[in-house]
Amino acid sequence: MNTERIALLAVTVALLVGGVATVFAPSIVSGPGGAPSQAAATTTIVDSGGLAPLLGLALWGVTLLFGATALSWLVITTVMGAGYETPPTEYGLDEIQVRIMTVDAANVVQDTVDSLPEGLDDVHVIAESPIDVSGASVHVVPEEFSCRAVRKGRAQEWARQALSCEREFVLYLDEDSVVESFEGLPDADIVQFREKPRRTGSSLSYLADIYRMGVQFEQRAFARLSIPFFAWGGGIAVRTEVEEQTTWDRETLVEDTAFVWAAFQESDVTFALSDAVCRNEAPPSLYEILQQRRRWAAGNVQASKMLPRRYELLTRVRNYAWALSPIVTLLVVPLSLLSVTIVYPGLFFVASMGLALCTLGWFLLGVFYYGDDYRYWVLAVPLAPVITVIHSMGTVMGILNPPETFRVTTKVGGK
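Residues numbered from 1 in each chain as written. Predicted model: local features only at pLDDT ≥ 70, side-chain atom pairs only at ≥ 80, totals over all residues. Heavy atoms only, no water.

J.: Teacher, can you tell me more about the overall build of the protein here?
T.: Within the protein, the secondary structure is distributed over twelve helices and twelve strands. With 415 residues in all, the protein has 54% of them scored as buried. Within the protein, contacts between residues separated by at least 24 positions form 79% of all contacts whose residues are at least 6 apart in sequence. Summed over all atoms, the accessible surface of the protein reaches about 18,300 Å², with 59% contributed by carbon and sulfur. (Helix = DSSP H or I, 4+ residues; strand = E, 2+ residues; numbered from the N terminus. Buried < 20%, exposed > 50% of the residue type's maximum accessible area, 1.4 Å probe, protein only. Contact = heavy atoms within 4.5 Å. Areas by Shrake-Rupley, 256 points an atom, 1.4 Å probe, with all protein chains shown as cover.)

This is the structure we're talking about:
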């Protein structure tokens, strides 16, 4: 069991056990009541087995961890990302080859192909089995092809080796990445498209993705960082020369992020956040979003070993913070409101309420990011504690029980 699993499990147990012990066997302090004025206050202590101090320590630890992450997010987003604008378009659609990655979801892929602007005339679908898609060349990854990469990364590496590309850029799209308002690319080695998940099945999963869009406002600063914190492979353009140098040939569950991390360390590359948007599908059920976030978390922890020490540490801290963030609204705030005794209770209350407001702020940022047509989702603000749990539960699972293989999130298509 690795360090992340041990630490997260220990903190979770301490919080749960300590919280139960404190709530059901609290220290009760009573004042002098009607006793004479010279009488001292009497204190009746109900034994909690010494777990209350442990709870207090764990709560303060989680609060400080999440607080530090929230503060760093604020600095990165508002200071380092201040005034960022997508560079002007330098490369037209005729300089781009499109590769759409799928297993065998023909109807979903067809929607994505149909969404492409007419100027994109070099479109390829990379599949694991034969499918019929109009408007694109379909290629099936041979079973005998082998490399270090797995599943999607393996397919991308095969495409890199097998397909001839005379264009300046290769644009990778997921099978469900319906493209909006795309006219070309800026002069950067890696160009990240924006995403706007669209609702499919579960409303709670969709709300969790709206929350994630608010958190991802930090992407505006990635072009100014030494190494971007993550990448989204559902819409990412890579300069052909950089792809040839970096390759996709590495074993990872997060091939997109691992590729970007490797490129930044192996070459002097540049990064840009595009104005182009892909309308990808939100996971259709709570089970699917759990498995998606689980893979992301486990993959990021695994891939972080390739980063410089300071970035590896930062990535791990961020994983802890997002995994434990629901505790702020589900445990910290209620205990503060119930006046459960914690060291420095006034300061603790202010800190916990501040972090709860951050949680609400990220959700509202997500609603703002979606635009005017989605303002009615503001009505879901009271569900913020539940939304943060849905957003983070997969992160917890990814750290405690990482998946052994890549799992494709179920797509519904036709939405």
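J.: Sorry, what's going on with empty space enclosed by the protein here?
T.: In this approach, a probe sized like a water molecule rolls over the atoms, and the result shows the empty space that is left. Applying the stated criterion across every chain yields a total of one cavity of 30 Å³ or more. When its volume is computed, the largest cavity comes out at roughly 990 Å³. Lining the largest cavity are 45 residues; nearest its centre among them are Ala231, Trp232, Asp256, Gln292 and Trp296. Elements that contribute at least two residues to the lining of the largest cavity include exactly helix H4 (151-162), helix H5 (203-215), helix H7 (255-266), helix H8 (286-303), helix H9 (309-324) and helix H12 (384-400). Considering every element that reaches the lining of the largest cavity, the biggest residue donor is H8, with six residues. Partitioned by chemical class, the residues of the lining of the largest cavity number 16 nonpolar, 13 polar and 16 charged. (1 Å grid on protein atoms, 1.4 Å probe; cavity = no way out; pocket = protein on both sides within 12 Å on 5 of 7 lines; lining within 4 Å. Points joined across faces, edges and corners; volume = space filled by probe spheres on them. Nonpolar A, V, L, I, M, F, W, Y, C, P; charged D, E, K, R; others polar.)

J.: Looking at this structure, I do not really get the sheet that holds strand S10 (residues 190-195). What am I missing?
T.: Either a parallel or an antiparallel arrangement is found when strands of a sheet pair, and the pairing is made through backbone hydrogen bonds. The eight strands lie next to each other as S6-S5-S4-S7-S11-S10-S12-S8, forming an open sheet whose pairing is mixed. Each end of this open sheet is capped by a strand with a single partner; those strands are strand S6 (137-140) and strand S8 (178-180). Pairwise comparison of adjacent strand axes, ignoring direction, gives a mean angle of 30° for this sheet. With three bridges connecting them, S8 and strand S12 (residues 271-279) associate as antiparallel partners. Note on S12: the bridge partner recorded for Glu180 is Val277. Lying over the sheet, H4 contacts strand S4 (96-101), strand S5 (123-127), S6 and strand S7 (169-174), oriented at roughly 145° with respect to S4. (Pairing = 2+ DSSP bridges. Axes fitted to C-alpha atoms, helices over the stretch in contact; angles between N-to-C directions.)

J.: I tried to follow helix H3 (residues 106-115) on my own but got confused; where do I start?
T.: Residues spaced three or four apart along an α-helix point in a common direction, a consequence of the helix completing one turn every 3.6 residues. Within H3, the full set of buried residues consists of Val108, Val109, Gln110, Thr112, Val113 and Ser115. Where the residues of H3 are buried, they touch S4, S5, S7 and S8.

J.: Can you walk me through the side chain of Arg154 in this structure?
T.: As for its position among the elements, Arg154 is in helix H4. Arg154 sits in the buried class, given a relative accessible area of 15%. Those residues in contact with Arg154 that lie beyond four places of it in its chain are Glu128, Val141, Pro142, Glu143, Phe145, Cys147 and Ala149.

J.: Would you mind showing me how to read the nonpolar core here?
T.: Residues Ile126, Ile190, Phe229, Val260 and Phe264 are the most contacted members of the largest nonpolar core, which totals 36 residues. For this core, the elements supplying multiple residues, two or more each, are H4, S7, strand S11 (235-239) and H7. Here this core gets six residues from one element, more than from any other, and that element is H7. The residues touching Phe229, leaving out its near neighbours within four places in the chain, are Ile76, Glu218, Phe222, Thr257, Trp261, Tyr311, Leu314 and Arg318. Within the second largest apolar cluster, 30 residues are counted, among which are Phe169, Leu185, Val191 and Trp232. (Core = buried A, V, L, I, M, F, W, Y, C linked by side-chain atoms within 4.5 Å.)

J.: Is there a simple way to explain the packing of aromatic side chains in this structure?
T.: Centre distance and the angle of the planes are the two values used to describe a pair of aromatic rings. On inspection of all chains with the given rule, the structure shows 15 aromatic pairs. On the basis of an interplanar angle of 85° and a centroid distance of 5.0 Å, the ring pair of Phe222 and Phe230 is categorised as edge-to-face. For the pair Phe222 and Phe230, one class covers both residues: buried. By the ring-pair criterion, three or more aromatic residues cluster together here, those being Tyr206, Phe217, Tyr369, Tyr370 and Trp377. Positioned over the ring face of Tyr369 is Lys196, at 5.3 Å from the centre of the ring. The ring of Phe229 has Arg318 sitting right over it, with the charged end atom 4.3 Å from the ring centre. (Phe/Tyr/Trp six-rings, centres within 6.5 Å; stacked < 30°, edge-to-face > 60°. Lys NZ or Arg CZ within 6 Å of the ring centre and 35° of its normal.)

J.: Any chance you could explain the confidence of the model for the protein here in plain terms?
T.: Interpretation of the predicted coordinates at a detailed level should be avoided for regions scoring low in pLDDT. Confidence in the prediction of the protein, expressed as mean pLDDT, is 82, and 79% of residues score 70 or more. Counted against residues more than four places away or in other chains, residues 21-49, with its pLDDT under 50, gives 23 contacts. (pLDDT = per-residue confidence, 0-100.)

J.: Help me understand unusual backbone geometry, please; the structure alone is not making it clear to me.
T.: Comment: phi is negative for the bulk of residues other than glycine, and the bulk of peptide bonds are trans. Unlike most non-glycine residues, Arg151 shows phi in positive territory, near 45°. Locating Arg151 in the fold gives a position in helix H4. Phi at Ser181 is positive, roughly 45°, even though this residue is not glycine. Structurally, Ser181 is set in the loop between S8 and strand S9 (185-186).

J.: Teacher, can you tell me more about the pairing of S10 here?
T.: Looking along a regular strand, one sees side chains alternate from face to face of the sheet. Counting buried positions over the six residues of S10 gives five, a clear majority of the element. One ladder, built from three bridges, connects S10 with S11; its direction is antiparallel. Note on S11: the bridge partner recorded for Gln192 is Ile236. Across five bridges, S10 lies against S12 in parallel orientation. Following the sheet pairing, Ile190 is matched in S12 by Phe271.

J.: Just checking my understanding: could you explain the side chain of Thr102 for this structure?
T.: By the element assignment, Thr102 lies in the loop between S4 and H3. Non-local contacts of Thr102, meaning those with residues more than four positions away in its chain, are made with Val109, Val125, Ile126, Ala127, Glu128, Ile131 and Glu175.

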